[in-house]
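Results of the structural survey
So you can see what is in the structure, the chains are spelled out below.
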Amino acid sequence: MSSPSKRREMDLMKLMMSDYKVEMINDGMQEFYVDFNGPSESPYQGGVWRIRVELPDAYPYKSPSIGFVNKIYHPNVDEMSGSVCLDVINQTWSPMFDLVNVFEVFLPQLLLYPNPSDPLNGEAAALMMRDRASYEQRVKEYCEKYAKPEDIGAAAEDKSSDEELSEDESDSGDEQVAGKADP
């Protein structure tokens, strides 16, 4: 049997060789982004999400941690953090699965068959149970607003542009203070 680090490398290479765009977060192979398209014939069709994947040290014996970077309206995804209900993946995870399974089976199944009885987004769960048509309309609105192909690049860039903005603000603040200090 191969070591967990070899397995991690193999699964990551397999994912990179598939049709998914993978972007490493740092030098290690434990954190990365994957661009994921919403399943066809669903309200999520046409949406593109950047998924943050974190592999635990015990991978593949322990499931990866996955979260949506750009917003998605779904009962089992926290709207603010993007984290996916861990029970959903942990209940079905097995070392037999690999990273490609996450994007070809797990995430499409999650989007196609939400579980409103175990919600991370209570509003989405309530709307889904009360009025399915309105729920699907809200999903489509979120797709249009937050999950267009150009949005996935912007979602990752938001953090860096915020940092640049704060650096610019502090620079201009320093100049003003320096200018006022001389009588």
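Residues numbered from 1 in each chain as written. Predicted model: local features only at pLDDT ≥ 70, side-chain atom pairs only at ≥ 80, totals over all residues. Heavy atoms only, no water.

In the nomenclature of an unreviewed UniProt entry, the protein chain is known as E2 ubiquitin-conjugating enzyme of Castanea mollissima. Taken directly from UniProt, the Function (unreviewed entry) text for the protein chain runs: "Accepts the ubiquitin from the E1 complex and catalyzes its covalent attachment to other proteins." What the UniProt record of the protein chain gives under Sequence similarities (unreviewed entry) is the line "Belongs to the ubiquitin-conjugating enzyme family." (UniProt positions renumbered as here; feature names shortened; annotations may be inferred.)

With that settled, the discussion passes to the packing of helix 1 (residues 4-17) against helix 3 (residues 99-112). Describing two packed helices takes the angle between their axes plus the distance from one axis to the other. With their axes 7 Å apart at the nearest point, helix 1 and helix 3 run at an angle of 45° to one another. Of the possible angle classes, the one that applies to helix 1 and helix 3 is oblique. Side by side, helix 1 and helix 3 meet where Asp11, Leu12, Lys14 and Leu15 of the first sit next to Leu99, Val100 and Phe103 of the second. Considered class by class, the residues forming the contact of helix 1 with helix 3 number five nonpolar, no polar and two charged. (Axes fitted to C-alpha atoms, helices over the stretch in contact; angles between N-to-C directions. Helix = DSSP H or I, 4+ residues; strand = E, 2+ residues; numbered from the N terminus. Parallel < 35°, antiparallel > 145°, perpendicular 65-115°, else oblique. Contact = heavy atoms within 4.5 Å. Nonpolar A, V, L, I, M, F, W, Y, C, P; charged D, E, K, R; others polar.)

Another point: the pattern of salt bridges. Applying the stated criterion across every chain, the model contains eight salt bridges. Put simply, lysine 14 and aspartate 98 hold a salt bridge, and the shortest N to O gap is 2.6 Å. A residue pair is termed long-range when its members are at least 10 positions apart, and lysine 14 in helix 1 and aspartate 98 in the loop between helix 2 (86-92) and helix 3 qualify at 84 residues. On the basis of relative accessible area, lysine 14 is assigned to the partly exposed category, the value being 44%. Across the pair glutamate 136 and arginine 132 runs a salt bridge, and its minimum N-O distance is 3.2 Å. With a gap of four residues between them, glutamate 136 and arginine 132 both fall in helix 5 (residues 132-146), about one helical turn apart. By relative accessible area, which is 39% here, arginine 132 ends up partly exposed. Beyond isolated ion pairs, a larger network of salt bridges with shared partners links Lys21, Glu23, Asp35 and Arg50. (Salt bridge = Lys/Arg side-chain N within 4 Å of Asp/Glu carboxyl O. Buried < 20%, exposed > 50% of the residue type's maximum accessible area, 1.4 Å probe, protein only.)

Here we come to the packing of aromatic side chains. Summed over the entire model, instances satisfying the criterion amount to nine aromatic pairs. Taken together, the ring pairs in this structure connect Tyr73, Tyr135, Tyr142 and Tyr146 into an aromatic cluster. Just above the ring of tyrosine 33 sits the side chain of arginine 50; from NZ or CZ to the centre is 5.4 Å. (Phe/Tyr/Trp six-rings, centres within 6.5 Å; stacked < 30°, edge-to-face > 60°. Lys NZ or Arg CZ within 6 Å of the ring centre and 35° of its normal.)

With that settled, the discussion passes to the UniProt feature "active site" (unreviewed entry) in the protein chain. Here the UniProt feature "active site" (unreviewed entry) sits at Cys85. Tracing the backbone through its elements, the reader meets cysteine 85 in the loop between strand 4 (65-68) and helix 2. Look at cysteine 85 and you get buried, because its relative accessible area is 7%. With sequence-adjacent residues up to four places away left out, cysteine 85 is seen in contact with Asn76, Asp118 and Leu120.

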